[in-house]
Each structure stands twice: as C-alpha cells, then as structure tokens.
Amino acid sequence: MSKWFAIFLMAGLGLINAHAANTVYQWVDKDGVTHFSDRPQTGAKELKVDVAPPATNGPLVTPRAPLKKAEKPIKYQVSITSPSHEQTIRDNEGKISISASANPVPLNGMGYKLVLDGVPQGQITNVGYFQLTNIDRGAHTIQVQLVDSSGKKLASSNPITVFLHRANANGAAAGG
C-alpha cells in the first residue's frame with residue numbers, strides 16, 4: 001500500500017469518525033490543562049455536540065478528467081518533381097516550368113509558394129505547378145514551400161539548382 005493511499009485512508013476514516021461521534025468528554029488534569037476526547041475518562045464531563053452532516057455525499061476529492069493525448073502535428077514533405085536538380089533548360093523566352101507535390105496531400109486552406117533565388121514568386125496556389133517567364137540565363141535556385149492559410153511555412157522542398165540557357169538566332173546567348 002502506498003504511503004499516500006494510507007494517509008488518505010486514515011484522513012477519510014478520521015472524518016467519518018468525527019461525523020459519527022457527537023459526544024465529547026472534557027476534563028482538567030492536575031496541572032490545570034483542559035483536555036477533550038471522544039472516549040470517557042475518569043472525572044470527565046460529557047459534552048453534547050451537534051455535528052453538521054457533510055455538505056455533499058460525493059467524493060472528498062473531485063476527480064480530474066483524463067488527460068487527452070496531444071495530437072501530433074502532421075509532418076508534411078514537399079518535393080520538386082520537375083525540373084530535376086542541375087538540369088539545363090534551353091528556352092529563348094526564359095521560361096521555366098516547375099511541378100511540386102506534398103505528402104500527405106495538403107488540407108484545404110494550405111497552398112504552395114515558389115521561391116526563386118531566395119525571393120518568393122507570384123501568389124500562393126493550391127496546386128504545385130508554376131510557370132516562370134522571362135528569367136535571365138544562368139544558374140537559379142528553386143524551392144517550393146507548403147504554407148497554411150496565414151502564410152506560415154509548414155514544409156519546404158530541398159532546394160534545387162537549374163541552369164537556364166537562352167540563345168538568339170545568331171547563336172549568341174540572349175538575355176541578361
């Protein structure tokens with residue numbers, strides 16, 4: 001039996017006995033000290049005490065509701081499905097098409113945000129497809145983020161690097 005259980009049991013029995021006993025005995029010892037007891041003593045005076053009934057018939061301690069398990073947040077994963085890392089894209093108009101997906105499927109209110117060279121591009125969309133135009137030639141870093149309705153980032157893809165090659169009709173590179 002645990003120590004705390006024993007303490008509560010004794011306290012509970014004490015309360016029950018206190019409510020059950022309505023007779024108290026009083027006496028003064030040879031040193032002039034007044035004593036009270038629920039058991040008769042030699043030379044003790046019997047005192048009648050009105051004991052009020054308990055306020056409720058319920059438990060002495062209000063039971064606590066069981067703790068709920070904290071719900072684990074969903075761990076989303078975002079990946080860029082196209083283009084592939086270090087892919088060379090040849091497009092004279094500077095177009096780059098990007099596709100991304102998330103696992104598990106995002107809930108309503110979530111969306112995809114495209115980040116090109118560290119700068120967010122366009123609007124948040126509910127599909128993981130983006131079309132960029134008039135992008136300068138050279139190396140570019142692309143990342144796609146999954147965000148909630150307030151724009152808070154929930155997950156992001158690994159960044160990939162793509163190389164955009166733009167050539168003009170004369171064979172020389174075009175663009176910036």
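Structure first, text after, so check above.
Chains are numbered independently. Their residues run from 1 in the order of the written sequence. Local features in this predicted model are restricted to residues whose pLDDT is 70 or higher, and side-chain atom pairs enter the listing and the counts only when it is 80 or higher, whereas totals over whole chains, interfaces and linings include all residues. Side-chain metrics rest on all non-hydrogen atoms present in the structure, leaving aside hydrogens and water.

*Asks:* Run through unusual backbone geometry, naming residues and quoting values.
*Replies:* Between Ser82 and Pro83 the backbone carries a cis peptide bond, its omega angle lying at 0°. Only DSSP runs of H or I with at least four residues qualify as helices, and only runs of E with at least two residues qualify as strands; both kinds are numbered from the N terminus onward. Within the secondary structure layout, Pro83 lies in the loop between β4 (77-82) and β5 (87-90). The omega torsion across Asn103 and Pro104 is -5°, close enough to zero to call that bond cis. By secondary structure assignment, the location of Pro104 is in the loop between β6 (96-103) and β7 (111-116).

*Asks:* Describe the sheet that holds strand β3 (residues 45-48), with residues and values.
*Replies:* The strands that make up a sheet are held in pairs by hydrogen bonds between backbone atoms, and each pair lies either parallel or antiparallel. Any two strands between which DSSP finds at least two bridges are classified as paired. If you walk across this open sheet you meet the three strands as β2-β1-β3, and the pairing is antiparallel. The open sheet is flanked by β2 (34-37) and β3, the only strands paired with a single partner. Each adjacent strand pair in this sheet contributes to an overall mean axis angle of 30°, direction not counted. For strand β1 (residues 23-28) and β2, the ladder comprises four bridges, and the chain directions are antiparallel. By the bridge assignment, Val28 is partnered in β2 with Thr34. Only the stretch in contact is used when fitting a helix axis, every axis being a line fitted to C-alpha atoms; angles between N-to-C directions are given from 0 to 180 degrees.

*Asks:* I'd like a rundown of the environment of Gly128, residues and numbers included.
*Replies:* Relative to the helices and strands, Gly128 is located in the loop between β8 (119-125) and β9 (129-132). Remark: the alpha-carbon pair of Gly128 and Val78, spanning 50 residues in sequence, is separated by 9.5 Å. Among residues more than four places away in sequence, those in contact with Gly128 are Ile98, Ser99, Ala100 and Tyr112. It only takes one pair of heavy atoms within 4.5 Å for two residues to be counted as in contact.

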